[in-house]
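Geometric and topological summary
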Amino acid sequence: MYKQNLHTHTKYCDGLDKPEEVVIAACEKGFKSVGFSMHSFLRSCSVPSEKIEAYKNEIAVLRKKYAGTIDVYCGLEREMRDNAEISDFDYVIGALHYFRIEENFVDFDIDSEGVRKVIEQYFNGDGMEYARAYYQDLAQLPRYGNFDIIAHFDLITKHCEREAFFDLSSKEYQRFAVEAAEKLAGKIPYFELNTGAMARGYRTTPYPDIFLIKELKRLGFGAVISTDCHDKRNLDYGYEEAEMLLKKCGFKERFVLTKNGFEGIEI
Ligand SMILES: [Zn+2]
Ligand SMILES: [Zn+2]
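Report follows, based on the coordinates. Bear in mind the structure is a predicted one, so any value in this text is a computation, not a measurement.

Conventions used here
- Residues numbered from 1 in each chain as written.
- Chains lettered and ligands numbered in written order.
- Predicted model: local features only at pLDDT ≥ 70, side-chain atom pairs only at ≥ 80, totals over all residues.
- Helix = DSSP H or I, 4+ residues; strand = E, 2+ residues; numbered from the N terminus.
- Rg over C-alpha atoms; globule rule 2.2 N^0.38 Å.
- Buried ≥ 20, exposed ≤ 12 C-beta atoms within 10 Å, placed from the backbone.
- Contact = placed C-beta atoms within 7 Å.
- Expected span 1.5 Å × (residues − 1).
- Core = buried A, V, L, I, M, F, W, Y, C linked by C-beta atoms within 7 Å.
- Arc of directions from axis to C-beta.
- Pairing = 2+ DSSP bridges.
- Axes fitted to C-alpha atoms, helices over the stretch in contact; angles between N-to-C directions.
- Left-handed = near helix turned anticlockwise from the far one by under 90°.

Let us now look at the overall build of the chain. Per the secondary structure count, the chain includes eight helices and 13 strands. A compact globule built from 267 residues should have a C-alpha radius of gyration of about 18 Å, and the chain, at 18 Å, falls within 12% of that. Along the longest, intermediate and shortest principal axes, the C-alpha atoms of the chain span 55 × 40 × 30 Å. The buried share of the chain, reckoned over its 267 residues, is 43%. Looking at the chain alone, contacts between residues at least 24 apart form 69% of all its contacts between residues at least 6 apart.

Right under this line is the structure:
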């Protein structure tokens, strides 16, 4: 099985490991390539450009050092409303973790207690309204840059297995998600089947939900498997399961990054 993870965090943002430790772990797990995706925006602030430069330089050193052993790519997980420069990365993951409400960045990629407070404070306690706002925002991603991959398409469902902030099976909810997918189709080529919340115990299945994977297939998006890794031990967490899920949803291929850009591989 060709394993590659392009969604990898390190000590440069909220990950546990140094980049080289991740590269070594990737080699040990039999990866042919690995990509890093530092957050451009963290704790409601843009990451200073000097720090992003230092990250890029360190990844460039590793790329040379490990050439011939493993291919190392340098990407960025760019927050939608952040303005970090994205032109000189190997790939860019577009993500939405914050609402912009009045002058504030409101983080919703937080624990379930925090999400409950966000819904109370900004959405009059209406979880469905919270979901609607998320998808309406997500659909705007292409206005903010040229992204390759849409991060964790239904991040808003992170805690929904434990606490029903809104009804995932309702037509209303599913319509919001599908409408966003329709607006993004043809503008951002790939979505990720993301196992990160499984590794961290929030979910038992990857993002996105099955109905959405099928809709994304219908709309012509390509699929990339990501582990949204913050701990090198989880670099391939749920990888086989994710590929099986793609097959079950009708995908015949998934995409990996190569020196020639993204290429489909049969699954
Ligand atoms: Zn993310
Ligand atoms: Zn991430």
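So, next bit.
The end-to-end C-alpha distance of helix α4 (residues 127–138) is 17 Å, a good match for the 16 Å that twelve residues give at a rise of 1.5 Å each. Regarding α4, the residues found buried are Tyr-130, Ala-131, Arg-132, Tyr-134, Tyr-135 and Leu-138.

Here we take up unusual backbone geometry. A cis amide bond links Tyr-207 with the next residue in sequence, Pro-208, at an omega value of -15 degrees. Mapped onto the elements, Pro-208 comes out in the loop between α6 (196–199) and α7 (210–218). Backbone geometry at Arg-43 places phi at a positive 50 degrees, although glycine is not the residue there. Assignment of secondary structure puts Arg-43 in the loop between β3 (41–42) and β4 (45–46).

A few words on the nonpolar core. Ranked by internal contacts, the top residues of the largest apolar core, which has 73 residues, are Ile-149, Ile-150, Phe-191 and Ala-223. With six residues, helix α5 (residues 171–184) is the single largest residue contributor to this core. Contacts of Ala-223, omitting those with residues within four sequence positions, involve Tyr-190, Phe-191, Leu-193, Leu-246, Phe-251, Arg-254 and Phe-255.

What follows deals with helix α2 (residues 49–65). The terminal C-alpha atoms of α2 lie 24 Å apart, and with 17 residues this matches the ideal 24 Å at 1.5 Å per residue to within 8%. Ile-52, Tyr-55, Ile-59 and Leu-62 are the residues of α2 that are buried. For α2, the buried positions fall inside an angular range of 85 degrees around the axis, keeping them on one side. Among the exposed residues of α2, those oriented more than 90 degrees off its buried face are Ser-49, Glu-50, Glu-53, Ala-54, Asn-57, Ala-60, Lys-64 and Lys-65. The inward-facing, buried residues of α2 abut α1 (19–28), β2 (33–39) and β5 (71–79).

In this section: the sheet that holds β2. One open sheet accounts for seven strands, arranged β1-β2-β5-β6-β9-β10-β11; its pairing is parallel. Among the strands making up the open sheet, the edge pair consists of β1 (4–5) and β11 (222–226).

Now for the packing of α1 against α2. Relative orientation of the contacting elements α1 and α2 amounts to 35 degrees, with a least axis distance of 10 Å. Read as a crossing pair, α1 and α2 show a hand that is right-handed. Across from Pro-19, Glu-20 and Val-23 in α1, the residues of α2 making contact are Glu-58, Ile-59 and Leu-62.

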